[in-house]
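Geometric and topological summary
Chain by chain, the residues:
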Amino acid sequence: MSTLLVDTSEGVVLRHEIAGAGSRLAAGLADGVFLALGYGFALLAVLLAASFDLSGVSQFVLGILLGGSLLIAIGYHVVFHWLWSGQTPGKRWLGLAVMSADGYPPTPFQILVRGLVWPIDVLLTLPAPVGLMAIVITERHQRFGDVVAGTLVVRVPLERTQFEPWPGESWSTLPARVLPLTPGLAARLSADDLALLRTLLTRTELDADARRRLFIETARAYSQRLELGEFQDARVVLREVYLFTREMLVARAA
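We now turn to the structure provided with this report. This one's a predicted model, so the numbers in the text were calculated from it and none came from an experiment. (Residues numbered from 1 in each chain as written. Predicted model: local features only at pLDDT ≥ 70, side-chain atom pairs only at ≥ 80, totals over all residues. Heavy atoms only, no water.)

Side note on empty space enclosed by the protein
Inspection of every chain in the model, using the stated rule, returns one cavity of 30 Å³ or more. Taken as a whole, the largest cavity encloses approximately 30 Å³ of empty space. Lining the largest cavity are His77, His81, Ile111, Arg114, Gly115, Trp118 and Arg143. Where the lining of the largest cavity is concerned, the elements lending two or more residues are α3 (69-83) and α5 (108-123). Residue composition of the lining of the largest cavity, by class: two nonpolar, three polar and two charged. (1 Å grid on protein atoms, 1.4 Å probe; cavity = no way out; pocket = protein on both sides within 12 Å on 5 of 7 lines; lining within 4 Å. Points joined across faces, edges and corners; volume = space filled by probe spheres on them. Helix = DSSP H or I, 4+ residues; strand = E, 2+ residues; numbered from the N terminus. Nonpolar A, V, L, I, M, F, W, Y, C, P; charged D, E, K, R; others polar.)

Below you can see the structure in the form of structure tokens.
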């Protein structure tokens, strides 16, 4: 079993199990079924519309669907990986996700590059698809698109794929704030911090002692970096820092 170890700047080591050829093939087949069903329904709808459309628009759309099937397949992978934080419907179903090789979420550029190389991995067969062969023989089970883009595919707990800590809550509306956080501290935090905290807070597979130690180590690291002083409860620190980081990043993007 291959494992990705991510040694974060906070001194916290995160472990991710790298997905093998079997689970990735199953996810790819599932995505193929989903894509084929969606494509088939769209094609059928356009064909039905074309029988009543005298303007020729439906014929034009039909030509795009037939001639651009490969681009549609690439778009499926790029759009879903981008919108669903490294997952497609097939990967989400099987609890897999694309991750940057440094352990952080993939960037839009990595997702695009990975999607553009996808046809080579899937359509070039010698005698099996070269992407599947690459997954089998490479140390970290990467297809060519992963190697070029600097990504890999890891297993994530199924319950974590759709979980966002404290949805609907915000730091500024907390009834009682314990930490001396101020907007000026937002410059010390980034999207990587948000991703790290989200990963930590949703790791339900850890036993209670390991989870407690990891929480304390991470809370201590952020307390030192943000000069928050001593704390009594690591869970309170992580909750406030997470909500603060999420709110500040949203405000910065707006």
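Looking at the pairing of strand β4 (residues 151-155)
Within β4, four of the five residues are buried, which leaves it mostly tucked inside the rest of the structure. By the bridge criterion, five bridges tie strand β3 (residues 96-100) to β4 in an arrangement that is antiparallel. Bridge pairing links Val98 to Val153 in β4. (Buried < 20%, exposed > 50% of the residue type's maximum accessible area, 1.4 Å probe, protein only. Pairing = 2+ DSSP bridges.)

Remarks on a nonpolar patch on the surface
Taken together, the side chains of Val33, Phe34, Leu37, Phe41, Trp93 and Leu94 present a nonpolar region at the surface, about 640 Å² in accessible area. Where the nonpolar patch is concerned, the elements lending two or more residues are α1 (21-50) and α4 (89-94). No other element matches the four residues that α1 contributes to the nonpolar patch. (Patch = residues over 30% accessible without salt bridge, like charges linked within 9 Å, V, L, I, M, F, W, Y side chains within 5 Å. Areas by Shrake-Rupley, 256 points an atom, 1.4 Å probe, with all protein chains shown as cover. Salt bridge = Lys/Arg side-chain N within 4 Å of Asp/Glu carboxyl O.)

Quick look at the packing of α1 against α3
In contact at an axis separation of 11 Å, α1 and α3 are set at 125 degrees when each is read in the N-to-C sense. Between α1 and α3, the angle is such that the two are oblique. Here α1 and α3 pass one another in a crossing that is right-handed. Each of Asp31, Phe34, Leu35 and Tyr39 in α1 lies in contact with α3, whose residues at this interface are Ser69, Ile72, Ala73, Tyr76 and His77. A class-by-class count of the residues in the contact of α1 with α3 yields six nonpolar, two polar and one charged. (Axes fitted to C-alpha atoms, helices over the stretch in contact; angles between N-to-C directions. Parallel < 35°, antiparallel > 145°, perpendicular 65-115°, else oblique. Left-handed = near helix turned anticlockwise from the far one by under 90°. Contact = heavy atoms within 4.5 Å.)

Overview of α3
Across its 15 residues, α3 extends 21 Å between first and last C-alpha, which sits within 8% of the 21 Å expected from 1.5 Å per residue. Those residues of α3 that fall on the buried side of the exposure criterion are Ala73, Ile74, Tyr76, His77, Val78 and His81. Taken from the residues just after α3, Ser85 is the one with a positive phi, measuring 50 degrees. (Expected span 1.5 Å × (residues − 1).)

Let's talk about the pairing of β3
Within β3, five of the five residues are buried, leaving the element largely enclosed by the surrounding structure. Burial of β3 is two-sided: the residues Leu96, Val98 and Ser100 facing one way and the residues Ala97 and Met99 facing the other way are all buried.

Some remarks on the packing of aromatic side chains
Throughout the structure, instances matching the rule amount to four aromatic pairs. Consider the rings of Trp166 and Tyr242, whose centres lie 6.1 Å apart with planes at 55 degrees: the pair is tilted. Taken together, the residues span a long stretch of sequence, with Trp166 in the loop between β4 and α8 (191-201) and Tyr242 in helix α10 (residues 234-253) at a distance of 76 residues. Taking the relative accessible area as the measure of exposure, Trp166 reaches 25% and is therefore partly exposed. Take Tyr242: its relative accessible area is 0%, and that puts it in the buried class. A centroid spacing of 4.9 Å and a plane angle of 80 degrees characterise the contact between Trp171 and Phe244, whose relative ring orientation is edge-to-face. Placement of the pair is Trp171 in the loop between β4 and α8 and Phe244 in helix α10, with a sequence separation of 73 residues. In terms of burial, Trp171 and Phe244 fall into one category: buried. Lying across the ring of Trp84, Arg92 places its NZ or CZ 4.1 Å from the centre. The positively charged end of Arg177 is found above the aromatic ring belonging to Trp171, 4.3 Å away from the centroid. (Phe/Tyr/Trp six-rings, centres within 6.5 Å; stacked < 30°, edge-to-face > 60°. Lys NZ or Arg CZ within 6 Å of the ring centre and 35° of its normal.)

Looking at the nonpolar core
Trp171, Leu181, Leu226, Leu228, Leu238, Val241 and Phe244 are the most contacted members of the largest nonpolar core, which totals 27 residues. Tallying contributions element by element places α10 first for this core, with nine residues. Among all residues touching Val241, those that are not within four sequence positions of it are Leu179, Leu181, Leu197, Tyr222, Leu226 and Leu228. Among the nonpolar cores identified, the runner-up in size contains seven residues, and Ala73, Ile74, Ile111 and Trp118 belong to it. (Core = buried A, V, L, I, M, F, W, Y, C linked by side-chain atoms within 4.5 Å.)

Quick look at the layout of surface pockets
To find leftover empty space, one rolls a probe the size of a water molecule over the atoms. Reported here for the second largest pocket is a volume of approximately 500 Å³. No other element matches α1, which puts eight residues into the lining of the second largest pocket. Residues belonging to the lining of the second largest pocket are distributed by class as follows: 11 nonpolar, four polar and six charged.

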